[in-house]
Amino acid sequence: MTNEAYYGAEYCILMRQACEQLTALVEKWRASYVGETDVQPIVYCTHRIKSPESMMRKLAARGLPNTPEAAKRQVYDGVGFRIVCAFESDVFLIIQHLESCGIFTVEHKKDYLSYPKPNGYRSVHLCVRMNDSGVLAEIQVRTIAMDCWATLEHQLRYKKNVANDTLLKSELKRCADEIASVDLTMQTIRELLKEADSF
Ligand code: 0O2
């Protein structure tokens, strides 16, 4: 089924507009950071509109009515926008910018960076409502290292029934912990270089 057939053509336009507004916001920040800091905080962004099949699975899993209306009113990540940052401190910097940008209202915040999920997943999610259209969106902000883990983990096992799961889970968790340690070391190296620069 196409997005238009499921969400409706008009709503699809609003969803795409939300992606464009978020992209423009990020591009504005990227342009204003050039030359100001040591490393560009935002490495890249991606966005997607959740496929009808994936949305229907989520509605069913949450026990919500299997209707496009429920999808539009009760699920935030119909529009998913991801911002991938260089360092952990950049994640919190970008979250601060997002919270005060004025183009949407933050309705929930999930800080899996300060409080990682048991499987090792680390990101900050803002569940937002666009101020002009009322469209719901989920903005995920994470480091480039964690994005690498999350992308592979998503393909390998997230929400899949896999044989030999205990070993897989613990190996993926070990990788997530190693990545968290790399993020911390990179952050420390950055601070040391900044200090050296300021002498
Ligand atoms: P997709 O294919 O990315 O769209 P949920 O747990 O999804 O039922 P909720 O409230 O939407 O409920 O959860 P949350 O925590 O905000 O997660 C929403 C999205 O975050 C997920 O979307 C994933 O993109 C990402 N995410 C959350 N936890 C994990 C994880 O453990 N591993 C990975 N790789 N990604 C995660 P969807 O709809 O599940 O999937």
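Residues numbered from 1 in each chain as written. Predicted model: local features only at pLDDT ≥ 70, side-chain atom pairs only at ≥ 80, totals over all residues. Heavy atoms only, no water.

Caption draft 1: How the structure looks around the packing of helix α2 (residues 9-33) against helix α5 (residues 88-99). α5 packs onto α2 with a crossing angle of 125° between their chain directions and a minimal axis gap of 12 Å. One way to sum up the angle between α2 and α5 is to call them oblique. Handedness of the crossing formed by α2 with α5: right-handed. Side by side, α2 and α5 meet where L25, W29 and Y33 of the first sit next to L93, I94, H97 and L98 of the second. In the contact of α2 with α5, the residues fall into six nonpolar, one polar and no charged. (Axes fitted to C-alpha atoms, helices over the stretch in contact; angles between N-to-C directions. Helix = DSSP H or I, 4+ residues; strand = E, 2+ residues; numbered from the N terminus. Parallel < 35°, antiparallel > 145°, perpendicular 65-115°, else oblique. Left-handed = near helix turned anticlockwise from the far one by under 90°. Contact = heavy atoms within 4.5 Å. Nonpolar A, V, L, I, M, F, W, Y, C, P; charged D, E, K, R; others polar.)

Caption draft 2: Expanded view of the packing of aromatic side chains. Tallying each qualifying case throughout the model produces two aromatic pairs. Aromatic side chains Y6 and Y7 sit 4.9 Å apart centroid to centroid with 80° between the ring planes, which places their arrangement in the edge-to-face category. Per residue, the accessibility class of Y6 equals that of Y7, and both read buried. Relative to Y121, the ring of Y112 lies with its centre 5.7 Å away and its plane at 65°, an arrangement referred to as edge-to-face. For Y121, a relative accessible area of 11% gives the class buried. (Phe/Tyr/Trp six-rings, centres within 6.5 Å; stacked < 30°, edge-to-face > 60°. Buried < 20%, exposed > 50% of the residue type's maximum accessible area, 1.4 Å probe, protein only.)

Caption draft 3: Here's a closer look at the side chain of K50. Topologically, K50 is positioned in the loop between β1 (42-49) and α3 (52-62). Owing to a relative accessible area of 8%, K50 belongs among the buried residues under this scheme. A polar contact of 3.3 Å, which involves the side chain of K50, links it to the side chain of S54. Excluding residues that lie within four positions of it along the chain, K50 makes contacts with N3, Y7, M55, K58, D77 and G78. (Polar contact = N/O pair within 3.5 Å; in protein donor to acceptor, adjacent residues only side chain to side chain.)

Caption draft 4: Molecular detail of α2. The first and last C-alpha atoms of α2 sit 37 Å apart over 25 residues, in line with the 36 Å expected at 1.5 Å per residue. All of the buried residues in α2 are Y11, C12, M15, A18, C19, L22, L25, V26, W29 and Y33. (Expected span 1.5 Å × (residues − 1).)

Caption draft 5: Highlighting α3. For α3, every residue scored as buried is listed here: P52, S54, M55, K58 and L59. Taken end-on, α3 shows its buried residues confined to a sector of 160°, consistent with a single buried face. Set apart from the buried face of α3 by more than 90 degrees, the exposed residues are R57, A60 and A61. Considering only its buried residues, α3 is in contact with α1 (3-7) and α4 (68-74). Just beyond α3, the residue with positive phi is G63, at close to 70°. (Arc of directions from axis to C-beta.)

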